[in-house]
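# Structural overview for review
Chain residues, written in single-letter form:
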Amino acid sequence: MRDLILVVNEDLSAKTITITSGDGSAIQAYSVTPEGEGRAASRGGVVLIHHLPGYDRGQKELARHVAELGYDVVVPNLYWRQAPGASPDDAAAAARANGGKPDTELVSDVAGAAAHLRALPTSNGKVGVIGYCSGGRQSVLAACNVHLDAAVDNYGAFVIGDPPEGSGMTMTGIEEQLPNLRCPLLGLFGNDDKFPPPADVDKLEQILTANGKTVEIHRYDDAAHAFFSTERPSYRVHAANDGWARIAAFYGKYLAS
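The text that follows walks through the structure, step by step, so that each part is easy to find. Bear in mind the structure is a predicted one, so any value in this text is a computation, not a measurement.

### Describing the overall build of the chain
Helix and strand content of the chain: six helices and eight strands. In the chain, the succession of α and β elements from N to C terminus is β-β-β-α-β-α-α-β-α-β-β-α-β-α. With the principal axes as the frame, the chain shows a C-alpha extent of 50 × 45 × 35 Å. By residue count, 53% of the 257 residues in the chain fall in the buried class. Of all intrachain contacts in the chain linking residues separated by at least 6 positions in sequence, the fraction that spans at least 24 positions is 70%. Taken as a whole, the chain presents about 11,000 Å² of accessible surface, with 49% of it coming from carbon and sulfur. When the 22 positive and 31 negative side-chain charges of the chain are each reduced to one mean point, those points stand 3 Å apart.

### Description of empty space enclosed by the protein
Applying the stated criterion to the full structure yields two cavities of 30 Å³ or more. Approximately 80 Å³ is the volume attributed to the largest cavity. If you go around the largest cavity, the residues you meet are His-50, His-51, Leu-52, Leu-78, Tyr-79, Gly-99, Gly-100, Lys-101, Ser-134, Gln-138, Met-169 and Met-171. Classifying every residue of the lining of the largest cavity gives five nonpolar, six polar and one charged. Considering only enclosed or pocket space, the second largest cavity measures out at about 50 Å³ in volume.

### Thoughts on the state of the cysteines
The full count for this structure, using the stated rule, is zero disulfides. We note that Cys-133 lacks a disulfide partner, and the nearest cysteine sulfur, in Cys-144, lies 18 Å from it. Its sulfur unpaired, Cys-144 is 8.4 Å from the next cysteine sulfur, which belongs to Cys-183.

### Focus on the packing of helix α3 (residues 103-118) against helix α4 (residues 134-145)
Viewed as axis vectors pointing N to C, α3 and α4 meet at an angle of 70 degrees, and their least axial separation amounts to 10 Å. Considering their axes alone, α3 and α4 lie roughly perpendicular with respect to each other. Between α3 and α4, the contacting residues are Asp-103, Leu-106, Val-107 and Val-110 on the first element and Arg-137, Gln-138, Leu-141, Ala-142 and Asn-145 on the second. Grouping the constituent residues of the contact of α3 with α4 by class yields five nonpolar, two polar and two charged.

### Some remarks on helix α5 (residues 198-210)
A rise of 1.5 Å per residue sets the reference length of α5, with its 13 residues, at 18 Å; its end C-alpha atoms lie 18 Å apart and thus fit the reference within 8%. What α5 keeps buried is the set Val-201, Leu-204, Ile-207 and Leu-208. Considered in projection along α5, the buried side chains sweep an arc of 130 degrees and stay on one side of the axis. Across α5 from its buried face, at more than 90 degrees, point the exposed residues Ala-199, Gln-206 and Ala-210. Where α5 is buried, its residues meet β6 (150-154), β7 (185-190) and β8 (215-220). Just downstream of α5 lies Gly-212, where phi reads positive at about 75 degrees.

Definitions and limits used
- Residues numbered from 1 in each chain as written.
- Predicted model: local features only at pLDDT ≥ 70, side-chain atom pairs only at ≥ 80, totals over all residues.
- Heavy atoms only, no water.
- Helix = DSSP H or I, 4+ residues; strand = E, 2+ residues; numbered from the N terminus.
- Buried < 20%, exposed > 50% of the residue type's maximum accessible area, 1.4 Å probe, protein only.
- Contact = heavy atoms within 4.5 Å.
- Areas by Shrake-Rupley, 256 points an atom, 1.4 Å probe, with all protein chains shown as cover.
- Lys, Arg positive; Asp, Glu negative; His and termini not counted.
- Charge placed at Lys NZ, Arg CZ, Asp CG, Glu CD.
- 1 Å grid on protein atoms, 1.4 Å probe; cavity = no way out; pocket = protein on both sides within 12 Å on 5 of 7 lines; lining within 4 Å.
- Points joined across faces, edges and corners; volume = space filled by probe spheres on them.
- Nonpolar A, V, L, I, M, F, W, Y, C, P; charged D, E, K, R; others polar.
- Disulfide = S-S within 2.5 Å.
- Axes fitted to C-alpha atoms, helices over the stretch in contact; angles between N-to-C directions.
- Parallel < 35°, antiparallel > 145°, perpendicular 65-115°, else oblique.
- Expected span 1.5 Å × (residues − 1).
- Arc of directions from axis to C-beta.

Okay, here's the thing in structure tokens:
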């Protein structure tokens, strides 16, 4: 992907808003929109699903990076019901104590965020989703249940298989839902990751391909989990840079006007 030049718009407007989930609940969300000269008058939107540690600074930074590519972005606070107004760490702890985010709530929250994006005056009617870690799994889950135009799964575990016993998580694998995938999927994974391991990534690709789905899977050597996270030792420049280029190309293909 070295020949792909990323065109970004660095004039952004970011704020905290309230959106209505698909189940009617009012939840907090982080909104980022491109502003100023060079922005597209009509553009796609992206729902960013935050990781298990919560609605934190790092995930908001990722949202701004996606918005720089020219998209309206919304990050629903998935733990707002459990801990409204709490810090990201406390909210994540409350969610973990309850076994994590219920899949039915996640689908409702993404549906509400997608509806919010499509209602914006700048919307071209197309909405994608992106997630990291647990959000990667939830990105696939949403793409199987919500009307979306593109989905990105960044190292999402337990799409295939269940969490190990004793993890405290109530989520289960969603392998049986994969034939219902409703939009193209881009998956970015590290070959040194244990959750998900390469064998699970292979199985994900095999199932989607066998069911005639549009899927692009890319695997990176010398990369494990969370290779996009610049604040962690797991960050890998080669994988993150190539991954962002592939995300830009993928969204440009499926979300652009």
